[in-house]
Amino acid sequence: MLQVEDVSKRFGGVVANADISIKVNPGEIVGLIGPNGSGKTTLFNSIVGFHPIDSGSIRFQGHEISRLRVPQIARLGMLRTFQQTRVYGRVSCMQNMRISTPQRDERLRNMFARFPPEIDDRAEELLEFVGLFSKRHLLAGELSFGQQKLLEFAMALMNGPKMLLLDEPTAGINPTLINGLIDRLRRANAEMGITLLVIEHNMRVIMNLAQRMYCLAHGELLAEGPPERIQKDERVVAAYLGAH
Amino acid sequence: MTAHGRNLVPMLAIGAAALVLPFLLPDYRIQLAFLWVMILFALTWDIMGGQMGYNSFGNILYFGIGMYVCAVIQRDAGFDYFPGLFIGLGAAAIFSVVIAAVLGAGLLGLRGHYFAIGTLGLGIAAGEIASGWDYIGAGSGMVTPVFPGEIGGRQTFFYFASFVLAVVTFLVLKRIYAGRFGLAINAIRDDEDKAEAMGLHTTRYKTVAWCVSAFFLGIAGGLVGNLIGFIDPRDVAFAGATYGVFMVLMAILGGKGTLWGPVIGATVFHVMQEVFWTYLLGWQRVALGLLIVVIVVFFPQGILGWVREHFPERFGIRVETATDDADAR
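Source: prediction; values computed, not measured.

Participant: Got a sec to walk through the overall build of chain A? Specific residues and values, please.
Facilitator: On a plain count of helices and strands, chain A comes out with ten helices and ten strands. Relative to the compact-globule value of 18 Å for 244 residues, chain A shows a C-alpha radius of gyration of 18 Å, a close match. In terms of its C-alpha atoms, chain A occupies a principal-axis envelope of roughly 55 × 40 × 30 Å. Surface summary for chain A: the accessible area is close to 10,300 Å², and the carbon and sulfur share equals 50%. Between the averaged position of the 29 positive side-chain charges in chain A and that of its 26 negative side-chain charges there is a distance of 4 Å.

In structure tokens, the structure reads:
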């Protein structure tokens, strides 16, 4: 589904990503871990077209996407969520959901069209799914950080993506809520068929969730494999404990 | 956002007042016509400035273009008065939209303050060009054709034309704000990066938003040229220092990003402005300047913005008492 081959990205003299290759198969849940500053978010940004890459190739469902811009890649069905939440703060949650419907056919007539009632039904269903149903008429900016993360997740689902890139979905979320979130991510994967690539610092979460993992350190790919193997990998442990 | 019934009452009241006022106060028909034009100014400015978060100081450009395009067609195309006027207004609208689309492609890549600064020069540049171009009368301006009917008929006709145009503008905006367009430009205002990450055609929406402003401003320009009868390039057509600033202030005073805010703001502003002219002659500009300072300092959110903050339930912002989401804290 997603193939990243030998991608490099430099910022001035800093090598943020050096010849990174990862592969995500359809229907998988893949984890991406690594200490702070190891280049995880840079890799995400490269994949979704937020900045151009220096070398390498990124393919999504067989299409080369490394030269496309963010909205074009989003319209192909690959969405990302942000580490710091991003919602449309001065409109209500329902309105956030409505405008998150796919934007693949935006001719002038559609731009001025009303929202069909099915969209509201779907929006309510998904807000119920993430547990924000009763807050649906509140302004999104008034929600707590954790709730905004959930709203952002629901907005991404509203868009009906084929693949979701989640940047630390559990950061800043109340520990009692995290289990619910893991469950919802799994259901999105199993029931809606959405492939997931997840950056996560919470080891308990990612070991539970991911079927396969990649570990980055200092901009390089350090290890890959199933969670059990990554957990025992000496290089990974050393990277986290600072032996590098 | 607001229920139908609650909108209907003020709308009917305004409609009734609009029909009666020109006959009750026949001497004030031009000022009353300008009230509708002011409301239109504030409404069209708010599309970009309020709903989309792009402060434009160049919207006066489309007003001036519309005014000149309409007047030139009336003068040179050889139609009778009314066909000439209607064709002129249509051409004014189309021409303004085309200019907006072309300028939008260049300017709407700028964000935030850069866009505001980029638009600042538009009205000034256009005023300079118009006052140096002999074909449209250069600095001595243009005179629009004489209205055919009885004396005073011109004021009544253009009063009602301005009224109808303002109402149509309001209803069109109400309709498109309720759909995809309205939410898309709100999304651009709240977080443009997020809107792009969700696949929104942001550039297309921004350009269309400016074209909608330009469409109504162009027609308004055509009407006002005929209402006044004389087009001065700097003081009427491209009057950035007066109308160009007023449209921003009226929208802010009433409440940016709301549908009724610009209507309320324009009404309050226009009435105060007329009062200053009448009772503070000689000091009217000073009073107006102070009013502007007071607006920005004490009403940064505007009248409706203040009401919304204090009575959010009136705007449909509420929590439901259901407990089905007890786990979402």
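Participant: Can you tell me about empty space enclosed by the protein, naming the residues and giving the values?
Facilitator: Residues and elements named next belong to chain A. Within the structure shown, the criterion is met by two cavities of 30 Å³ or more. Counted as a void, the largest cavity has a volume near 100 Å³. Lining the largest cavity are T81, F82, K149, E152, F153, L166, D167, E168, P169, L181 and L185. Every element with two or more residues in the lining of the largest cavity is listed here: α6 (145-158), β7 (163-167) and α7 (175-191).

Participant: Describe the sheet that holds strand β8 (residues 195-199) of chain A, and please don't skip the residues or the numbers.
Facilitator: Residues and elements named next belong to chain A. Strand order in this open sheet of six strands is β6-β7-β8-β3-β9-β10, and the pairing throughout is mixed. Looking along the sheet, the strands with just one partner apiece sit at the ends: β6 (78-80) and β10 (220-225). When the angles between neighbouring strand axes are averaged without regard to direction, this sheet yields 15 degrees. Where strand β3 (residues 29-33) and strand β9 (residues 212-217) come together, four bridges link them in parallel fashion. Within β9, the position partnered with V30 by the bridge is R212. Across the sheet, α6 is in contact with β6 and β7; its angle to β7 comes to roughly 165 degrees.

Participant: So what's going on with the packing of helix α3 (residues 60-76) of chain B against helix α4 (residues 81-107) of chain B? Which residues, and what values?
Facilitator: Residue and element names in this part refer to chain B. α4 packs onto α3 with a crossing angle of 145 degrees between their chain directions and a minimal axis gap of 7 Å. Viewed along their axes, α3 and α4 form a crossing whose handedness is right-handed. Counted by class, the contact of α3 with α4 contains 16 nonpolar, five polar and no charged residues.

Participant: Please give an account of the state of the cysteines that cites residues and values.
Facilitator: This model, assessed by the stated rule, comprises zero disulfides over all chains. In this structure C70(B) is not part of a disulfide, and its nearest cysteine sulfur, from C211(B), lies 20 Å away.

Participant: Quick rundown of a nonpolar patch on the surface? Include the residues and the values.
Facilitator: Residues and elements named next belong to chain B. Taken together, V271, V275, Y279, L280, W283, V286 and L290 make up a surface patch of nonpolar side chains, about 730 Å² in accessible area. Of all the secondary structure elements, the ones that give two or more residues to the nonpolar patch are α12 (261-279) and α13 (284-298). It is α12 that provides the largest number of residues to the nonpolar patch, a total of three residues. Locating L290 in the fold gives a position in helix α13.

Participant: Give me the lowdown on the environment of I178(A), citing residues and values where you can.
Facilitator: Residues and elements named next belong to chain A. In this structure, I178 sits in helix α7. Judged by its relative accessible area of 6%, I178 is buried. Along the sequence, I178 and L166 sit twelve residues apart, while their C-alpha atoms lie 14 Å from each other.

What counts and how
Residues numbered from 1 in each chain as written. Chains lettered and ligands numbered in written order. Predicted model: local features only at pLDDT ≥ 70, side-chain atom pairs only at ≥ 80, totals over all residues. Heavy atoms only, no water. Helix = DSSP H or I, 4+ residues; strand = E, 2+ residues; numbered from the N terminus. Rg over C-alpha atoms; globule rule 2.2 N^0.38 Å. Areas by Shrake-Rupley, 256 points an atom, 1.4 Å probe, with all protein chains shown as cover. Lys, Arg positive; Asp, Glu negative; His and termini not counted. Charge placed at Lys NZ, Arg CZ, Asp CG, Glu CD. 1 Å grid on protein atoms, 1.4 Å probe; cavity = no way out; pocket = protein on both sides within 12 Å on 5 of 7 lines; lining within 4 Å. Points joined across faces, edges and corners; volume = space filled by probe spheres on them. Pairing = 2+ DSSP bridges. Axes fitted to C-alpha atoms, helices over the stretch in contact; angles between N-to-C directions. Contact = heavy atoms within 4.5 Å. Left-handed = near helix turned anticlockwise from the far one by under 90°. Nonpolar A, V, L, I, M, F, W, Y, C, P; charged D, E, K, R; others polar. Disulfide = S-S within 2.5 Å. Patch = residues over 30% accessible without salt bridge, like charges linked within 9 Å, V, L, I, M, F, W, Y side chains within 5 Å. Salt bridge = Lys/Arg side-chain N within 4 Å of Asp/Glu carboxyl O. Buried < 20%, exposed > 50% of the residue type's maximum accessible area, 1.4 Å probe, protein only.

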